[in-house]
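Coordinate inspection notes
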Amino acid sequence: YRNICTLGKGNFGKVLLAEDLTTGEQVAIKVVDKRLFKNGDQKQHAQREQSICEEFATELKHKNIVQIYDVISDEECIYVVMEYVQGGELFDRIKQDQKLTEPLARRWFREIVEAVSYIHENGIVHRDLKPENVLIDKKQRVRVCDFGFGKRIRERQEVLSTYCGSPFYAAPEMVTATPYRGPPVDMWSCGVILYAMLTGTLPFQGDDMPQLFRKISHGLYNTPRFISPDAAHLINRLLCKNAKDRITAAACLDHPWL
Ligand code: ATP
Ligand code: MG
C-alpha cells in the first residue's frame, strides 16, 4: 500500500487514505499503534478491535457497514484495511445543514438501524454509535464504521460492564455503571443520533459530567415542536430510561415513522 494522506484521527489511532499497489484501488487503513496501550484494559481493547474486524473481514457483510478487506498485525501496529468511503461523516452533514429534513433523516436513520439490526442478529454490539462513526458514501448511503468498542456477546442474556463511547450518546444504565445488556445501549445511541439529525442539537447536555449524567439517568430531554408526532414517538421509544422497555432494532424498523 502507498500512503496518500490522513483521513481522520481518533483516540487510538489514525485512518489513512492509501492506494493498493496491486489493484490501484483506493482504500482506507486504520492504524492502531499498540505501543500507545499501557494498561491491560487498553491492550484488551486493541485485541478486541482486531478480532471483531477479522470477523467482519471474513464473515460479515452489510450494505450499510464499511467493508473490511483485511486485518494485518505486526509487533507495533494493527492495520485494518477497508473500503474508502468518500462522502465524509454524518456529523459534518448535520453541522453543515444545521439539521436534516425529515425525509433525509428517515432514509439515513433507516439505514443506520438496518446495520445495527444486522450486527445484533449476529451477536455483536457496537457501543460507540454517534454521527462521527456514521459515514456517507458517494451514492449518499450510510456506512457505519469504527468497531473499536465492538464486542461479541456469546449468549442473549450476557451482561457487560465496561463504560464505552462518548458520554453524550451513553445510555442511563451505562452512566450509572449498572451491568447492562449490549443491544439496548446501541438503541439508546440511535435515539440520540435521530434527535441530533432532526434538531441539530443533543438531547442531553450539561455544564459538567455529573450534570450530564444526571440528565441522562433521569431520561430528561425536550422535544421541539417542529418534530412530527411519529418521529417524536420513535425518539421516545429509543430514549427510554428502562433498557428492558426500550425498542429493539427489529421493532424500530417496523415503527410507523420508518
Ligand atoms: P476509536 O474510537 O477506536 O479510537 P477512531 O475514532 O480513532 O476509533 P475511526 O472512527 O475508525 O477511528 O476513524 C476515525 C475517522 O476516520 C472517522 O470518524 C472518519 O472520519 C475517518 N474514517 C474512518 N474509516 C473511514 C473509511 N473507511 N473511509 C473514509 N474515512 C474513514
Ligand atoms: Mg471513531
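We now turn to the structure provided with this report. (Residues numbered from 1 in each chain as written. Chains lettered and ligands numbered in written order. Predicted model: local features only at pLDDT ≥ 70, side-chain atom pairs only at ≥ 80, totals over all residues. Heavy atoms only, no water.)

Attention now goes to the nonpolar core. With 76 residues, the main nonpolar core has Leu90, Phe109 and Met197 as its most contacted residues. Ranked by residues supplied to this core, first place goes to helix α5 (residues 182-199) with eleven residues. Ala18, Val27, Val31 and Val81 belong to the second-largest nonpolar core, a separate cluster that totals seven residues. (Core = buried A, V, L, I, M, F, W, Y, C linked by side-chain atoms within 4.5 Å. Buried < 20%, exposed > 50% of the residue type's maximum accessible area, 1.4 Å probe, protein only. Helix = DSSP H or I, 4+ residues; strand = E, 2+ residues; numbered from the N terminus.)

The full set close to ligand 1 counts 22 residues, and Gly10, Lys30, Glu83, Glu89 and Asp146 are the nearest of them. Glu132 has a polar backbone atom sitting 3.0 Å from an oxygen atom of ligand 1. A distance of 3.0 Å separates an oxygen atom of ligand 1 from a polar atom in the side chain of Asn133. Summarising the interface, the protein chains cover 92% of the accessible area of ligand 1, which totals 620 Å² for the free molecule. Of the residues contributing to the shell around ligand 1, the split by class is nine nonpolar, six polar and seven charged. (Near = heavy atom within 4 Å. Polar contact = N/O pair within 3.5 Å; in protein donor to acceptor, adjacent residues only side chain to side chain. Areas by Shrake-Rupley, 256 points an atom, 1.4 Å probe, with all protein chains shown as cover. Nonpolar A, V, L, I, M, F, W, Y, C, P; charged D, E, K, R; others polar.)

With that out of the way, let us pick up the coordination of the magnesium ion (ligand 2). At 2.2 to 2.3 Å from the magnesium ion (ligand 2) lie its protein donor atoms, namely Asn133 (OD1) and Asp146 (OD). Placement of the pair is Asn133 in the loop between β6 (124-125) and β7 (134-136) and Asp146 in the loop between β8 (142-144) and β9 (151-152), with a sequence separation of 13 residues. (Donors = N, O, S within 2.8 Å, 3.2 Å for Na, K, Ca; no water.)

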